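Coordinate inspection notes
Now for the letters of each chain:
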Amino acid sequence: MVGGYIARVLGLGFVVIFFWIIVITASVMIIESQSLNNTLMLYLPLLISLLASTFSGWLWLRFALVLPAYVVGQPMTWRAAWRASRVYKYQAILWSVVYYLAYWFILILVAVYL
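Here the structure is a predicted model, which is why all the values come from computation and not from measurement.

What counts, and where the lines are drawn
- Residues numbered from 1 in each chain as written.
- Predicted model: local features only at pLDDT ≥ 70, side-chain atom pairs only at ≥ 80, totals over all residues.
- Heavy atoms only, no water.
- Helix = DSSP H or I, 4+ residues; strand = E, 2+ residues; numbered from the N terminus.
- Areas by Shrake-Rupley, 256 points an atom, 1.4 Å probe, with all protein chains shown as cover.
- Core = buried A, V, L, I, M, F, W, Y, C linked by side-chain atoms within 4.5 Å.
- Buried < 20%, exposed > 50% of the residue type's maximum accessible area, 1.4 Å probe, protein only.
- pLDDT = per-residue confidence, 0-100.

1. A closer look at the overall build of the protein chain
- When helices and strands are tallied, the protein chain shows five helices and zero strands.
- Moving toward the C terminus, one meets the helices and strands of the protein chain in the order α-α-α-α-α.
- Just so you have it, the protein chain exposes about 8,200 Å², and 75% of that area is on carbon and sulfur atoms.

Here's what the structure looks like:
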């Protein structure tokens, strides 16, 4: 039972890692190919990371049902998890944005007060 759980976690992790490799490569190529002013050069990586974090968080939350289902002894396919999470797909987008903004908020608080 543990082997199947680990395989599902790794599978989900590989999808997110593959997505981030594509995003980072594409953003580096965009930044290198453009002659942007300093302000836009500063905010473009933040915008790209916000959009990428939102998308990968949304995917993660949509497929996250697979893991607890396997632990309780009721394995679920990726397709079944996608269908089951259809009800809260917009909440998943909201939580993805909140996770991203909370991370930056904590970093700013630590930088200001420490």
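Still to come is the rest of the account.
2. A few points about the environment of Ile-22
- Mapped onto the secondary structure, Ile-22 falls in helix α1 (residues 2-33).
- Along the chain, Ile-22 and Ala-52 lie 30 residues apart, while their C-alpha atoms are 10.0 Å from each other.

3. Quick notes on the nonpolar core
- If you look at the biggest cluster of nonpolar residues, it comprises seven residues: Leu-12, Trp-58, Leu-59, Leu-61, Phe-63, Leu-67 and Ala-92.
- Within the second largest apolar cluster, five residues are counted, among which are Val-23, Leu-44, Ile-48 and Ala-52.

4. Quick word on the confidence of the model for the protein chain
- The share of residues in the protein chain with pLDDT of 70 or more is 87%, and the mean pLDDT across the chain is 76.
- Ranking the helices and strands of the protein chain by mean pLDDT puts helix α4 (residues 78-84) first, with 83, and helix α2 (residues 38-63) last, with 74.

5. Re the environment of Val-15
- When you line up the elements, Val-15 lands in helix α1.
- The spacing of Val-15 and Ser-56 is 41 residues in sequence and 9.0 Å in space, taken between C-alpha atoms.

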